[in-house]
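Secondary and tertiary structure notes
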Amino acid sequence: MSRLARRHLAHRVATAACLALALVAVFPLVSVLWELVRHGADVVTWEFLTTPPALPLEPGGGIQHAILGTGVVVGLGTLMGAPLGLLIGAYLAESRGKRAATVRTVVDAMAGMPSIVAGLFAYAVVVAAVGFSGWAAASAYAVLMVPTVTRTTEEALRTVPQSYRDASLALGSPRWRTMLLVVLPAAWGGVLTGLLLGVARVAGETAPLVVTMIATPFVSTDPAHSLATLPMLIYDYGKSAYPKLNAQAWGAALVLILMVLALNILVRGMSALRERRLKG
Amino acid sequence: MQKAIRVKALDVHYGRSRALKSVSMDIPERSVVALIGPSGCGKSTFLRCLNRMNDTVPGAKVEGDVEVDGHSVYRNGTDVVELRRQVGMVFQKPNPFPKSIRDNVLFGPRLHRRMDRAECDRVLESSLRRAAIWDEVKDRLDAPAMGLSGGQQQRLCIARALAVEPRILLMDEPCSALDPIATAKIEELIQDLKKELTVVMVTHNMQQAARASDYTGFFYLGELVEFGTTKQVFENPREKRTEDYVTGRFG
Amino acid sequence: MAVPVRLRLGDRVYSALLSVAALAAVGVFVSVMWTLGSAAWPAIRAFGISFLVSQSWNPGEQLFGAFPYLFGTIVTSLLGIAIALPIAVGTAVALVFLLPRWLATPLGLVIELLAAVPSIVFGVWGRAVVVPLVRDLSGGTSYGFSILAAGLVLAAMVLPILTTVTREMLKTVPRDQGDAALALGSTPWEVTWKVVLPYAKAGVLAGAILGLGRAVGETMAVIMVVGNSPVLPKGLFDPGATAASLIANEFGDPSGPLHTAALVELGLLLLVMSLVLNLLAKRVVRRLGVRT
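Quick summary incoming for the structure in this document.

Calculation criteria
- Residues numbered from 1 in each chain as written.
- Chains lettered and ligands numbered in written order.
- Predicted model: local features only at pLDDT ≥ 70, side-chain atom pairs only at ≥ 80, totals over all residues.
- Heavy atoms only, no water.
- Helix = DSSP H or I, 4+ residues; strand = E, 2+ residues; numbered from the N terminus.
- Buried < 20%, exposed > 50% of the residue type's maximum accessible area, 1.4 Å probe, protein only.
- Contact = heavy atoms within 4.5 Å.
- Salt bridge = Lys/Arg side-chain N within 4 Å of Asp/Glu carboxyl O.
- Expected span 1.5 Å × (residues − 1).
- Bend = angle between axes of the 7 residues up to and from the residue.
- Disulfide = S-S within 2.5 Å.

What follows deals with the overall build of chain C. Looking only at helices and strands, one finds 11 helices and two strands in chain C. Seen in sequence order, chain C has helices and strands lined up from the N terminus as α-α-β-β-α-α-α-α-α-α-α-α-α. Dimensions along the principal axes, computed over C-alpha positions, put chain C at roughly 85 × 70 × 30 Å. In chain C, buried positions account for 54% of the 292 residues. Here the contacts in chain C between residues at least 6 apart in sequence split such that 72% fall between residues at least 24 apart.

Shown next, in the form of structure tokens:
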């Protein structure tokens, strides 16, 4: 085969290979969803979502406690982490210079923190003080959330044209009112998106929970003690020897992924809508 | 004289709009042809048909034919890769690869054949000499090409195109991004190049066309209005539109 | 002209609030390092360098050498990247150059959604799909819980970020680079392989390093497929363990404060690893010059 023919062949083979690899790349998500639906769809019923767990050898029971607990921990984590992230994002959007650069580097570094390390930090600080508790888990979540919310807030604020700020300042409005009444309303879509992204990021994290709380079968919303959470439950039940719990683990996993995917798609939808509105 | 390129009734559509209207042209061997005309009148489109670079534009439709050295370019069996080796191209903005000078020049030859070290050096020197840049870079052949000045980069791109030994060299406004000194150097080397190959050059600069070319084609709104020797087109144009353009009445 | 006092106060409060937030950011980071450092200190003082090289992790005898776990972390993460990178590059090339827009956009979306899947779900999936796969691949000699299984699951987890970064990098390559190569008589694949990909390589490399950073910290997906064996694995089909999986496994039931400190030290090492990789990625971007 001449060199030219070989080169053409190489092109065709490589093109086919790239297309094949793209197919391979799609496989994991498809497989994950397929397995979850296959094993978990029957399990997820209204009863499953709204009743507390039954004994392992008895049929029935559900994951109500875990859904409540996840809500509490994620909610508290958001309450603790989001405002801080917003403020730091505002700081970075409005500041320049070496101090801002340092803060940005620090936030970037924190963004890469493994979630289990955030859990260890929460353990050392909160569990040491008040024991295994929802507060500790929420603290870990807060630490994980701050970098995400900071970055997206900063970006959202930066996309507001400088002319808006200039106009407001020229009219005599102080900086803080400019931010509150002009910049933030213009950027709120992006800020909200960032917040939801932060929530989506932490909602599925299991590792921090493993070191800040003990798995519990009780229904409770008291953050002073351990709470049940979806990720923990999936882990626990998944390891279990009882087949009913294994099955329920799949159901819970399906619920979790649907929640997280729904949030993600919502976020994307909001961003896309905003972009389309901006482009007119 | 043998015709290097024969263009027959070339029609190009980009989607709905017609960029070239039934253009025909015979380009003699070993000459320099300048293509002039106002912006957006199809000169670059025409040029890119000659080496089928228009294939890369989505939605481009080409009708008619181009014959290079007697072989049809748009017929089904044509090997585009081989065509582009024989018909080289230099672009408006210098676009060297972010590699060394050596790797830039040898990129083309290495695709087409295996060469040993001695052959590589020979091709490298010969191409850089023909592009009138050898003396300036011979001591730093392994330095990055991006470190050269704009004019040097363009001459490097010419060397790179010459390295695959094309019979025809297409140049799309090669000097428009360069200063007058660099422009003069390139115009000079084009005169040398035409001893061995055919040069087809799009230019916005009428003085350049008048100085540097043997034949000139005037394009207007996708039509080839006039084609003839440069002397005739500039001093004695047959068409009024040509006369208006070369005397500066518009464009 | 007298400026109203109210105005000045409002802005002062605002600036103060932002500065406090900025300080808090740095403060949180510093306190993380400090807290973990002091929690790990008993173990650091007791074992020093041997923590890194000793292979015996023995809670019963209060002896903690973490080498098998650090080894497991590094091997599974590198394996994950090694598997994911070619897939990511091929996919990115397909999405940017080969597929029509109407197909590329939804496909890209599907791959990006993969990033949203929680790691515990990957773990459950891994156990149900990847472990049996590895078992079959080994011809039955392995139960499937192995370094390879962990590598495959990690590959699936870093695939989205690697693909996205590569895709972005490919899009930033200027069109005239490809045109130049084409005009010299390259086949389209040669343009991609010899010009476009090399142009983008700094960005792609940085993305790979970031992906590595993510893989290093992964806990729950790995813990369910890696086998959790304290013995140093000798082959891909052998079970192993990673630092993160060990922490998750043993933290709930430590055999004493030294054990806890040792686990925290392991966590600190993971944090340092991810910080170093983060910095390295930035270095690569600067040194090889990501052109945007």
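Picking up after the structure, the text goes on.
Counted under the stated rule, the structure contains 37 salt bridges over all chains. Among the salt bridges present, the one from R201 of chain A reaches E205 of chain A, with a minimum N-O distance of 4.0 Å. Assessed through its relative accessible area of 28%, R201 of chain A is described here as partly exposed. Note on E205 of chain A: relative accessible area 14%, which makes it buried. As a salt-bridge pair, D69 of chain B and R167 of chain B come within 3.2 Å of each other at their nearest N and O atoms. Residue D69 of chain B is located in the loop between β4 (60–68) and β5 (71–72), and its partner R167 of chain B is located in the loop between α6 (150–162) and β7 (168–172); the two are separated by 98 residues in the primary sequence. In this structure D69 of chain B comes out as partly exposed when scored by relative accessible area, which is 24%. Among the charged side chains, a network of salt bridges with common partners joins E29, R30, D69 and R167 of chain B.

Looking now at helix α6 (residues 134–158) of chain A. Residue and element names in this part refer to chain A. The end-to-end C-alpha separation of α6 is 35 Å, in line with the 36 Å expected for 25 residues at 1.5 Å each. The sharpest bend along α6 reaches about 30 degrees and sits at M145, with the proline P147 one to four residues further on. When you tally the buried positions in α6, you get 21 out of 25 residues, the bulk of the element.

In this section: the state of the cysteines. Residue and element names in this part refer to chain B. Under the definition given, this model contains zero disulfides over all chains. Of all cysteine sulfurs, the one in C49 lies closest to C41, which takes part in no disulfide; the gap is 15 Å. The cysteine C175 is free of any disulfide, with C157 supplying the nearest cysteine sulfur at 12 Å. Residue C175 is classed as buried on the basis of its relative accessible area of 7%.

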